[in-house]
Protein chains: 2
Amino acid sequence: MRLEGGAPVYEQLERRITELILSGEMTEGEKLPAVREIARQLSINPNTVQRTYANLEALGLIYSIPSKGSYVAMKKDYIDKVRAKTSEEFTEAVRNALKLGLSKDDLNEIIKNI
Amino acid sequence: MRLEGGAPVYEQLERRITELILSGEMTEGEKLPAVREIARQLSINPNTVQRTYANLEALGLIYSIPSKGSYVAMKKDYIDKVRAKTSEEFTEAVRNALKLGLSKDDLNEIIKNI
DNA sequence: ACAACTGTACTAATTCAGTTAATACAGTTT
DNA sequence: AAACTGTATTAACTGAATTAGTACAGTTGT
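Residues numbered from 1 in each chain as written. Chains lettered and ligands numbered in written order. Predicted model: local features only at pLDDT ≥ 70, side-chain atom pairs only at ≥ 80, totals over all residues.

Draft legend 1. Focus on the overall build of chain A. Counting its regular elements, chain A contains five helices and two strands. The order of helices and strands in chain A, counted from the N terminus, is α-α-α-β-β-α-α. Taken against the 2.2 N^0.38 rule, which gives 13 Å for 114 residues, the C-alpha radius of gyration of chain A at 19 Å runs more than 25% over that of a compact globule. Summarising its shape, the C-alpha atoms of chain A cover approximately 55 × 30 × 25 Å along the three principal directions. For chain A, with 114 residues in total, the buried portion stands at 19%. Sequence-distant contacts, at least 24 apart, represent 48% of the contacts inside chain A between residues at least 6 apart. (Helix = DSSP H or I, 4+ residues; strand = E, 2+ residues; numbered from the N terminus. Rg over C-alpha atoms; globule rule 2.2 N^0.38 Å. Buried ≥ 20, exposed ≤ 12 C-beta atoms within 10 Å, placed from the backbone. Contact = placed C-beta atoms within 7 Å.)

Below you can see the structure in the form of structure tokens.
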């Protein structure tokens, strides 16, 4: 593979599949190609695809059932996960800013002016 | 060297010196040991120390004058830099959260509850 | 003027974490 | 039982981060 600039293969593949799902080209519950199937088509190692699937599952975009296959998850679940993760990250940013001397008012002001 | 767990030498040294300055053990304008002097004492490469100094200068904690030496900077300058950097990082976090569907009200709520 | 200092620039060697590959396992399906 | 599935484990590879080696240019004190 190694088409895009520098980015690891499993990441490139992640983006492709993410697009397919978010754009609606693949719908909820639809079965994804088998790990080895994709590996063969793209001439990459099955383990690389496996890693992509694992990451997509962690994101909540797909779910995998051993010995059966991998499927597109419900968009709602994905959106919930993204929101939860984003909230956590934002909370961390706030904690850090407060620790370094910015006040809550400072932060509200920044948000207001965006 | 290689005392602490995993962290690069120049980073460990950075932390040590940062503590010395922030705790007040080294005061504004005081001259730091020469690059080679520290290197000798810790049995590390002068370039590693050089890198530490360069980073500390980027942080605004010290300033270096070629052929003369490196000195502890004014705390005010450092604090200003830290604040500016923190604001930028926080701004980025806000932008990201907004992009992912959180509202400004959501963010204000999070700040309030910390 | 010169020896002994300073910080810095540049290149090369080394190290190490991230990525990919090879192989094997365990369950499902037909 | 053969041909599929996802997954775990270990090893090989690669490239970027880290460290080392060396040289340069300016300042200071003798």
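So much for the structure itself; the text now carries on.
Draft legend 2. Structural detail: the protein's contact with DNA strand C. As a matter of local geometry, DNA strand C sits amid 26 residues, with Val9, Asn45 and Ser67 of chain A together with Ala34 and Ser67 of chain B nearest to it. Looking at the surface near DNA strand C, the elements with two or more residues in it are α1 (9-22) and α3 (46-59) of chain A together with α2 (35-42), α3 (46-59) and β2 (69-72) of chain B. When residues in the surface near DNA strand C are grouped by element, the largest group, five residues, is from α3 of chain B. Among the residues making up the surface near DNA strand C, the classes are represented as 10 nonpolar, 11 polar and five charged. (Near = placed C-beta within 6 Å. Nonpolar A, V, L, I, M, F, W, Y, C, P; charged D, E, K, R; others polar.)

Draft legend 3. Looking closely at the environment of glutamine 12 of chain B. Residues and elements named next belong to chain B. Looking at the element boundaries, glutamine 12 is found in helix α1 (residues 9-22). Under the C-beta neighbour-count criterion, glutamine 12 is labelled partly exposed, with 18 such atoms within 10 Å. Counting along the chain gives 43 residues from glutamine 12 to asparagine 55, while the straight-line C-alpha distance between them is 12 Å.

It is worth stressing that arrangement in space is one thing and function is another; only the former is reported here.
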